[in-house]
Amino acid sequence: MVATPERWIHAAAQPSSQEVTVICGRDKSLTHRAVMFASLASGFSRIHQPLLGADCLSTMDCFRALGVRIETLSPTCVGVISRGFRSFQSPTRDLDCGNSGTTARLMLGILAAQKDLRCRLVGDESLSQRPMRRVVDPLRKMGAEIQGAEQGNFLPLSIRGQLLHPEAIHVDKASAQVKSALILAGLFCEGDTTVTLPTGSRDHSEKLLMRMGAQLQRTQREGLEEIRIHGPFAPLAGEFHIPVDPSSAAFFAVLGLLRSQGVINIPHVLSNPTRIGFLRVLQRMSGALETAEESDLKQTMIEPVFRIRLRGGMALHPTHILPRDVPTLVDEIPILAVAAAFADGPSRFEGLEELRVKESDRLTKTAELLSLAGAEVKIEGDALLIAGGLREVQAFRFDSVGDHRLAMAAAILARLAKKPCCILDAECVRVSFPDFYEVLDTIV
Ligand code: S3P
């Protein structure tokens, strides 16, 4: 058993009343997709300000094993040189997705469609326990050959690339990973692939493909969205400028509201509505949050950005999160739960069953974190009930079990405690926000 490095987080000093600017990490979902589309394109692409977190490095490593050249051109720019997807070679080693569900699921859509290519996808202990049939089953309907334990539900998965055929697929979850895997597979099919699923999940794959000129139609009705992609389509090489990750900014947004005074500013945050459900919740909880569009960056960034401004020292109201809200804030539940613990009344978060199959059972672990800190919390089916009214955070020792979002939520909570708190496996933040603790230390 490997020892899990612990990290002590010390309480923040009395916050300064000055305005501080917090530079958060770049977007994980967009970096994955930029690497993927640049690797599928023939030619030279540059990814500016990519997130060099462990998850995105796993995606880059997979494409290198397929023969794509991916090189660091400067500390803030990665170059991708590819001869296009038709020249991918069968790798001589396993494709290691590490901890990254996005890498594993989206790569399945790409790899299954590479005729004659053979490979095996592997991942770390957490990823090897996460369900893959949500992607494997619909890909099999399109003709994919994928083998693995429990009918292909778990990594390692062996893939024998095929010429896939287009299908009309219904997905019962609002999952961007599943939707994107099928759209990616559809790029290689002759004809129209359609994917129908409940609305709300992030739409970066669709937006990027439309920007590149793919024939992709989107329609919505009665809580369902339909995406129709006409293949074959080869993405174009080009320039990808990555904005700040709203899921990373969320930790500092909540800290900004919970501090006793002072103002936190977070610039260049991706403002895609499918990603900022947490801001809509925080806006309902507090009047101390403003956003301002950064239209000067509109031409450069691959999606629009805004600046978020948060003032500490104001009361937080309780909130009710409904199942239909969850896809737009699925990664922000742990940090929103931290905010709700301080609200002046009980909050209820519903429809959280997906949290049980994230990097850990995040529903149970979020409840554990809050109760260790002295908050009153209960799980009822797939709902989280948080009593609110937390005045003083108890010193705690919390095992993040290697889940980056739990470690960061715990660190924010620890900053609000009077005594030092300990986080186990704290370095897992490298998955999505490698300099998280350094950034946290800049805020007094
Ligand atoms: C992601 C989609 C989300 C999210 C994950 C990244 C993506 O998962 O939780 O961190 O980049 O497509 P699902 O939408 O599949 O639940």
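It should be noted that the structure appears before, not after, this text.
Let me begin by describing the structure that accompanies this report. (Residues numbered from 1 in each chain as written. Predicted model: local features only at pLDDT ≥ 70, side-chain atom pairs only at ≥ 80, totals over all residues. Heavy atoms only, no water.)

Time to look at the nonpolar core. Ranked by size, the top nonpolar core spans 79 residues in total, and within it F252, I266, L282, F349, F396 and F436 carry the most contacts. Once residues lying within four places of it in the same chain are set aside, the contact partners of F349 are T319, I321, I333, L336, A337, A340, D382, A383, L384 and I386. (Core = buried A, V, L, I, M, F, W, Y, C linked by side-chain atoms within 4.5 Å. Buried < 20%, exposed > 50% of the residue type's maximum accessible area, 1.4 Å probe, protein only. Contact = heavy atoms within 4.5 Å.)

The next subject is the sheet that holds strand β11 (residues 191–198). Overall, mixed pairing links the four strands, which are arranged β10-β11-β13-β12 in an open sheet. The open sheet has two edge strands, β10 (168–170) and β12 (216–221), and neither has a second partner. This sheet shows a mean twist of 15 degrees between the axes of neighbouring strands, independent of strand direction. Judged from the three bridges that link them, β10 and β11 form a sheet pairing that is parallel. Residue pairing for β11: H170 is matched across the bridge by T196. In this fold helix α6 (residues 176–187) packs onto β10, β11, β12 and β13 (224–231), with an angle of close to 20 degrees to the strand it touches most, β13. (Pairing = 2+ DSSP bridges. Helix = DSSP H or I, 4+ residues; strand = E, 2+ residues; numbered from the N terminus. Axes fitted to C-alpha atoms, helices over the stretch in contact; angles between N-to-C directions.)

We now examine the environment of C421. With respect to the helices, strands and loops of the structure, C421 is situated in strand β23 (residues 421–424). Look at C421 and you get buried, because its relative accessible area is 0%.

As a further point, take helix α2 (residues 54–65). An ideal rise of 1.5 Å per residue puts 16 Å on twelve residues; α2 measures up with 16 Å between its terminal C-alpha atoms. Every buried residue belonging to α2 is among D55, C56, S58, T59, M60, C62, F63 and A65, and all of these are buried. Elements that come into contact with the buried residues of α2 comprise α1 (28–40), β4 (69–74), β5 (77–83), β6 (95–96) and α3 (101–111). (Expected span 1.5 Å × (residues − 1).)

This brings us to the packing of aromatic side chains. All chains considered together, the criterion is met by seven aromatic pairs. Summarising the aromatic geometry, the rings of F252 and F436 are spaced 5.5 Å apart at their centres and angled 45 degrees between planes, so their arrangement reads as tilted. Taken together, the positions of F252 in helix α8 (residues 246–258) and F436 in helix α13 (residues 436–441) put the pair 184 residues apart, joining distant regions of the chain. On the accessibility criterion, F436 (0% relative accessible area) is buried. Taken together, a centroid distance of 5.3 Å and an interplanar angle of 75 degrees make the contact between F436 and Y437 edge-to-face. Across this residue pair, the class does not change: F436 and Y437 are buried. Taken together, the ring pairs connect F251, F252, F433, F436 and Y437 into an aromatic cluster. Here the guanidinium or amino end of R7 rests over the ring plane of Y437, the centre of that ring lying 3.9 Å away. (Phe/Tyr/Trp six-rings, centres within 6.5 Å; stacked < 30°, edge-to-face > 60°. Lys NZ or Arg CZ within 6 Å of the ring centre and 35° of its normal.)

The environment of the ligand is made up of K28, S29, R33, T102, S175, A176, Q177, R202, V330, D331 and K358. At 2.7 Å from an oxygen atom of the ligand is found a side-chain nitrogen or oxygen belonging to S29. Interatomic distance of 2.7 Å between a side-chain N/O atom of K358 and an oxygen atom of the ligand. Every element with two or more residues in the shell around the ligand is listed here: α1 and α6. Among the elements that line the shell around the ligand, the one with the most residues is α1, at three residues. Classifying every residue of the shell around the ligand by side-chain character gives two nonpolar, four polar and five charged. Residues lining the shell around the ligand come from more than one domain, with at least three contributed by each of domain 1 (7–26 + 243–441) and domain 2 (28–230). (Near = heavy atom within 4 Å. Polar contact = N/O pair within 3.5 Å; in protein donor to acceptor, adjacent residues only side chain to side chain. Nonpolar A, V, L, I, M, F, W, Y, C, P; charged D, E, K, R; others polar. Domains from an automatic or database assignment.)

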